[in-house]
Amino acid sequence: QVTLVESGGGLVQDGGSLRLSCAASGVGSSFRINRMGWYRQSPGKQRALVASATSDGMENYDVSVKGRFFVARDNAKNTVYLQMNSLKPEDTAVYFCNVAVRRLGRSYEYDYWGQGTQVTVSS
């Protein structure tokens, strides 16, 4: 079973920065991590993609965070990071690590989720 361990959340002021980390473990030898990224969910809203990176280097960002947030992967450590700069109060949410694992030679992916880490940006 794939386990995701998140860290780095906290309370920051408007304009501050945080760096989230997510380490994945338990990926079997017949599988590989295709996509790693972050979603967030705030009260009254659905969980939405923040940023992700695939194994071939493609990155995807929500428009609201482009230019402010940056995703990076350390494949040797099965870890994904989210560098969050110029944080705004509207960025306040629970941030969830997401990992998509693909069986070798197949396109079907299994999604795994972290428990979530709270990011609060005060005004």
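Above this note sits the structure.
What counts, and where the lines are drawn
- Residues numbered from 1 in each chain as written.
- Predicted model: local features only at pLDDT ≥ 70, side-chain atom pairs only at ≥ 80, totals over all residues.
- Heavy atoms only, no water.
- Helix = DSSP H or I, 4+ residues; strand = E, 2+ residues; numbered from the N terminus.
- Buried < 20%, exposed > 50% of the residue type's maximum accessible area, 1.4 Å probe, protein only.
- Contact = heavy atoms within 4.5 Å.
- Areas by Shrake-Rupley, 256 points an atom, 1.4 Å probe, with all protein chains shown as cover.
- Lys, Arg positive; Asp, Glu negative; His and termini not counted.
- Charge placed at Lys NZ, Arg CZ, Asp CG, Glu CD.
- Pairing = 2+ DSSP bridges.
- Axes fitted to C-alpha atoms, helices over the stretch in contact; angles between N-to-C directions.
- Salt bridge = Lys/Arg side-chain N within 4 Å of Asp/Glu carboxyl O.

**Comments concerning the overall build of the chain**
Now for step 1: Broken down by element type, the chain carries zero helices and eleven strands.
Now for step 2: Secondary structure elements of the chain, listed N to C terminal, follow the sequence β-β-β-β-β-β-β-β-β-β-β.
Now for step 3: For the chain, the C-alpha atoms occupy an extent of roughly 50 × 25 × 25 Å along the three principal directions.
Now for step 4: Burial analysis of the chain (123 residues in total) assigns 39% to the buried set.
Now for step 5: Put simply, of all contacts in the chain between residues at least 6 apart along the chain, 56% involve residues at least 24 apart.
Now for step 6: When the accessible surface of the chain is split by element, carbon and sulfur atoms take 46% of a total near 6800 Å².
Now for step 7: The distance from the centre of the 14 positive side-chain charges to the centre of the 10 negative ones in the chain is 5 Å.

**Some details on unusual backbone geometry**
Now for step 1: The backbone of N78 sits at a positive phi, close to 50°, despite the residue not being glycine.
Now for step 2: For N78, the position within the fold is in the loop between β7 (69-74) and β8 (79-84).

**Focus on the sheet that holds strand β3 (residues 18-25)**
Backbone-to-backbone hydrogen bonds join strands into a sheet, with any given pair of strands oriented parallel or antiparallel.
Now for step 1: If you walk across this open sheet you meet the four strands as β1-β3-β8-β7, and the pairing is antiparallel. Bordering the open sheet on either side are β1 (3-7) and β7, each of which pairs with just one other strand. Ignoring strand direction, the axes of neighbouring strands in this sheet form an average angle of 15°.
Now for step 2: Direction of pairing for β7 relative to β8: antiparallel, over a ladder of six bridges. Bridge pairing in β8 links F69 to M84.

**Re the pattern of salt bridges**
Now for step 1: Taken as a whole, this structure holds five salt bridges when the rule is applied.
Now for step 2: Among the ionic pairs, E109 bridges to R35, the shortest N-O distance being 2.9 Å. With a gap of 74 residues between them, E109 in strand β10 (residues 109-113) and R35 in strand β4 (residues 31-41) connect regions that are remote in the sequence.
Now for step 3: Where R40 meets D91, a salt bridge forms, and the shortest distance between an N and an O atom there is 2.9 Å. Here D91 lies in the loop between β8 and β9 (93-103) and R40 lies in strand β4, a separation of 51 residues in the sequence. Each member of the pair, R40 as well as D91, carries the same accessibility label: buried.

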